[in-house]
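# Fold and geometry: a report
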Amino acid sequence: MAARGRDWAAFATAMAVGVGGAAWMASTWGDVKSGNGVSVHRETKSPEEIRKFWTPERLKRAEPVEMPAWDSCEHFPTLLSPNCW
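Let me sum up the structure you'll find in this document.

Cut-off values and rules
Residues numbered from 1 in each chain as written. Predicted model: local features only at pLDDT ≥ 70, side-chain atom pairs only at ≥ 80, totals over all residues. Heavy atoms only, no water. Helix = DSSP H or I, 4+ residues; strand = E, 2+ residues; numbered from the N terminus. Buried < 20%, exposed > 50% of the residue type's maximum accessible area, 1.4 Å probe, protein only. Areas by Shrake-Rupley, 256 points an atom, 1.4 Å probe, with all protein chains shown as cover. Phe/Tyr/Trp six-rings, centres within 6.5 Å; stacked < 30°, edge-to-face > 60°. Patch = residues over 30% accessible without salt bridge, like charges linked within 9 Å, V, L, I, M, F, W, Y side chains within 5 Å. Salt bridge = Lys/Arg side-chain N within 4 Å of Asp/Glu carboxyl O.

### Details of the overall build of the chain
- Scanning the chain from N- to C-terminus turns up four helices and zero strands.
- Taken from the N to the C terminus, the helices and strands of the chain come in the order α-α-α-α.
- Put simply, the chain has 85 residues, and 6% of those count as buried.
- Of the accessible surface of the chain, which amounts to about 7,800 Å², a share of 62% is contributed by carbon and sulfur atoms.

In structure tokens:
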């Protein structure tokens, strides 16, 4: 009978750890998903239309934009990513 009680205690502990871990992961996922500052824009024009748009004059006037750097370890919980250990 005592062994059955230990089995239930081990099971309850494992379930509590699992549920707690899932809740922690869910609570930090919003920061991971939106915290990198990167936006995506899908171009609907054909490659020919894009080449026609970028005339030599426009290419000369174009200025580079600083790209945001994303550090995966900065936003992602370190326990979930082996690269951040």
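### Re the packing of aromatic side chains
- The final tally for this structure, using the stated rule, is two aromatic pairs.
- Considering the side-chain rings of Trp 8 and Phe 11, the 5.7 Å spacing of their centres and the 85° angle between planes classify their relative orientation as edge-to-face. Remark: Phe 11 and Trp 8 occur in helix α1 (residues 2-34); sequence separation between them is three residues, near one turn of the helix.
- Trp 8 gets classed as exposed once you look at its relative accessible area, which sits at 56%.

### Observations concerning a nonpolar patch on the surface
- Together, Trp 8, Phe 11, Met 15 and Val 19 give the surface a local cluster of nonpolar side chains, amounting to about 460 Å² of exposed area.
- Val 19 sits in the exposed class, given a relative accessible area of 54%.

No statement about biological role is implied by the geometric values presented.
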